[in-house]
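These are the residues of each chain, in order.
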Amino acid sequence: MFEPAIAPSASLLGLLQRGRGDGTLHALAAERSDALAALEECVTSDPRRDWQVENRSLYYARLYMELEAPLQGLEDHLFHVEDLLDEEESRTGLTLAVLGRLVGYGRRDALLLLRRYTATGSNWAWALDELAVREDDAGLEALAEPVLARFADGPEGDAALRAAVRNAYEPRPWHLWAQSHPRVAAATEQAPFDLWQRQLDRPSNAPAWSTAAVLAWADAAGGPEAVERRAVAAARCLDAVAGPEDLPLLLAAAAEGPDGARCAALRHLADHDHEQAPELVGRAAEDLSRQVADFGLATLARMRSLRFVARARGWAADTGGGALADAAAGLLACVGTAEDAPLVVAALHRWVYQRGAEGDGLTVLVEGVGRLEAAAGVTALRHIYAETSCSQLRGSAARSLAATDPCFPTGAAVECLWDCEEATRELAARHVLTKGDGKVLDRLRRLAADPGEEAEVHAAVRGRLSSG
């Protein structure tokens, strides 16, 4: 899947792509044709950087309902010839999820589209999962024939059927079909045993029972990802086999051993809080080997001991920045004290200046500013909230703003009531100022009455409404 192209945050399309509450408010105030075009663009070209953790389906479905939007564009997307060529779930997943939400709101045209796509589309399993929690038994029974026709008779077809049953997110259709289709009944009975059999047949590749053998085994992995996995596994083995007499070997391996052995020894010594571990991890984090450097940084991020925290303060104080300084600031963001707030804020400002409002390590710093209640970071948090394309990161920024920004209850919290993320809407419901703003009270009442809203948001909203 290609990296999504995100429009500027001040545009209607950019707001909707980000899932911001202002996206809904601007869409409702815009020309209907412009709002429909932007909404359709979002639903048919998934804007999320990580579709497995970011929510958009309820957000877009609500706007479809508000705009009374037609579904022709979604139908064209689902049944485009590309559906025969591109079987990636990400191409149609968001569209199907939005249709599922619309079925929950009573849109029969969405129900018919899902039924049709389940019968003929390439991502039929996702569509079937959407129907599984919303369709009646009769509707699901009618889909049994076209779905089961996808699996040819014979051993290969039976194996594919068992895999489909085993991988189904919602098992209801399969259990229903098993009552009248012997082939499905056999697949539902056999599917769990296939998994067990694969686990039993997995070849054993364990190291010999000594520290030297474990280190050699750690270094015998293949590519970079395999080295990291093997090193972590080897560190667990070292917990069982390494004794005091092996310490010189472990220290030598952690200082200058081959990549796999070095990473395994580093993780073992760091996990046991050896007095030399911080220095060894710091050296590894600045090593010329990208594999060793990344592993050293990842190891530092896991540490929580006072020894590592004390050393991290020195690394984080490096005004020149760098990967080690950022990782050390991330550690302080997680477990530091109030005295570390300036270092965490400085790292956050440095990150935003150098890399903008995106990045895998940014969430730790954002949450750390909130945990430490560092008011000096409010400006950076507001920028990240407005600009990031990741709705999960925006939610983290909102939580930190709630802890540091006195304007949050009358500012960002109001917008967050329309946010795409459940946790962000819940946060807003608990913090927003309700007195003197009819728009806020109206939104809270709508959320309380919305059957598609999540239980946690319902609880927070009703708590605010009942308390006056």
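Details of the structure are given in the entry above.
Reading the values: the criteria
- Residues numbered from 1 in each chain as written.
- Predicted model: local features only at pLDDT ≥ 70, side-chain atom pairs only at ≥ 80, totals over all residues.
- Heavy atoms only, no water.
- Salt bridge = Lys/Arg side-chain N within 4 Å of Asp/Glu carboxyl O.
- Helix = DSSP H or I, 4+ residues; strand = E, 2+ residues; numbered from the N terminus.
- Axes fitted to C-alpha atoms, helices over the stretch in contact; angles between N-to-C directions.
- Left-handed = near helix turned anticlockwise from the far one by under 90°.
- Contact = heavy atoms within 4.5 Å.
- 1 Å grid on protein atoms, 1.4 Å probe; cavity = no way out; pocket = protein on both sides within 12 Å on 5 of 7 lines; lining within 4 Å.
- Points joined across faces, edges and corners; volume = space filled by probe spheres on them.
- Nonpolar A, V, L, I, M, F, W, Y, C, P; charged D, E, K, R; others polar.
- Buried < 20%, exposed > 50% of the residue type's maximum accessible area, 1.4 Å probe, protein only.
- Phe/Tyr/Trp six-rings, centres within 6.5 Å; stacked < 30°, edge-to-face > 60°.
- Lys NZ or Arg CZ within 6 Å of the ring centre and 35° of its normal.
- Core = buried A, V, L, I, M, F, W, Y, C linked by side-chain atoms within 4.5 Å.
- Patch = residues over 30% accessible without salt bridge, like charges linked within 9 Å, V, L, I, M, F, W, Y side chains within 5 Å.
- Areas by Shrake-Rupley, 256 points an atom, 1.4 Å probe, with all protein chains shown as cover.
- Parallel < 35°, antiparallel > 145°, perpendicular 65-115°, else oblique.

K.L.:
Got a minute to help me understand the pattern of salt bridges in this structure?
P.N.:
Proximity of charged atoms lets side chains of opposite charge pair with each other. A full pass over the atoms with the stated rule returns 30 salt bridges. Asp287 is the partner of Arg262 in a salt bridge, and the nearest nitrogen-oxygen pair spans 2.8 Å. Of this pair, Arg262 sits in helix α17 (residues 259-271) while Asp287 sits in the loop between α18 (277-285) and α19 (290-302), placing them 25 residues apart in sequence. Each of Arg62, Arg425, Asp450 and Glu453 takes part in one network of salt bridges that share partners.

K.L.:
Looking at this structure, how should I read the packing of α17 against α18?
P.N.:
Two numbers describe how α17 lies on α18: the axes approach to 9 Å, and their chain directions differ by 145 degrees. Note that α17 runs across α18; the crossing there is left-handed. Contacts from Arg262, Leu266, Leu269 and Ala270 of α17 reach α18 at Ala277, Leu280, Val281, Arg283 and Ala284.

K.L.:
I'm lost on the layout of surface pockets in this one. Help?
P.N.:
Where empty space is left in the structure can be found by rolling a water-sized probe over the atoms. Quantified by volume, the largest pocket comes out at close to 1,100 Å³. Taken together, 35 residues line the largest pocket, and the ones lying closest to its centre are Trp51, Ala97, Trp126, Glu130 and Tyr169. For the lining of the largest pocket, the secondary-structure elements that each account for two or more residues are α4 (57-67), α7 (89-104), α9 (124-132), α11 (155-167) and α27 (422-431). The element that contributes the greatest number of residues to the lining of the largest pocket is α9, accounting for six residues. Of the residues that constitute the lining of the largest pocket, the class distribution is 15 nonpolar, seven polar and 13 charged.

K.L.:
Would you mind going over α27 with me for this structure?
P.N.:
Restricting attention to buried positions, one finds in α27 the residues Thr424, Arg425, Glu426, Leu427, Ala428 and Ala429. Next to the buried residues of α27 lie α4, α25 (391-404), α26 (412-416), α28 (438-449) and α29 (455-466).

K.L.:
Help me understand the packing of aromatic side chains in this model?
P.N.:
By convention here, two paired aromatic rings are described through the distance between centres and the angle between planes. Applying the stated rule across the entire model yields six aromatic pairs. On the basis of an interplanar angle of 40 degrees and a centroid distance of 5.6 Å, the ring pair of Trp51 and Trp126 is categorised as tilted. With Trp51 in the loop between α3 (32-44) and α4 and Trp126 in helix α9, this pair connects stretches of sequence that are 75 residues apart. Counting every residue linked through ring pairs, the aromatic cluster contains Trp124, Phe151, Trp174 and Trp177. Here the guanidinium or amino end of Arg355 rests over the ring plane of Trp351, the centre of that ring lying 3.7 Å away.

K.L.:
Just to check I follow, could you spell out the nonpolar core for this structure?
P.N.:
Most often, soluble globular proteins have nonpolar side chains that are buried together. Membership of the largest hydrophobic core comes to 85 residues, with the highest contact counts inside it found for Leu215, Leu300, Phe308, Leu348, Val366, Ile384 and Leu417. Beyond its immediate sequence surroundings of up to four residues, Ile384 is in contact with Leu348, Val352, Ala357, Leu362, Val366, Leu393 and Ala397. Counting residues in each nonpolar core, the second largest holds 54 residues, with Val43, Leu63, Phe151 and Ala164 among its members.

K.L.:
I'm lost on a nonpolar patch on the surface in this one. Help?
P.N.:
On the surface, a nonpolar cluster with roughly 360 Å² of combined accessible area is contributed by Val81, Leu84 and Leu85. Inspection of the secondary structure puts Leu84 in helix α6 (residues 82-85).

K.L.:
What am I meant to see in the packing of helix α23 (residues 362-371) against α25 here?
P.N.:
Between α23 and α25, the shortest axis-to-axis distance is 7 Å and the interhelical angle comes to 15 degrees. With respect to each other, α23 and α25 are oriented roughly parallel. Read as a crossing pair, α23 and α25 show a hand that is left-handed. Residue-level inspection shows Leu362, Thr363, Val366, Glu367, Val369 and Gly370 of α23 in contact with α25, the latter providing Leu393, Ser396, Ala397, Arg399, Ser400, Ala403 and Thr404. Taken together, the residues of the contact of α23 with α25 break down into six nonpolar, five polar and two charged.

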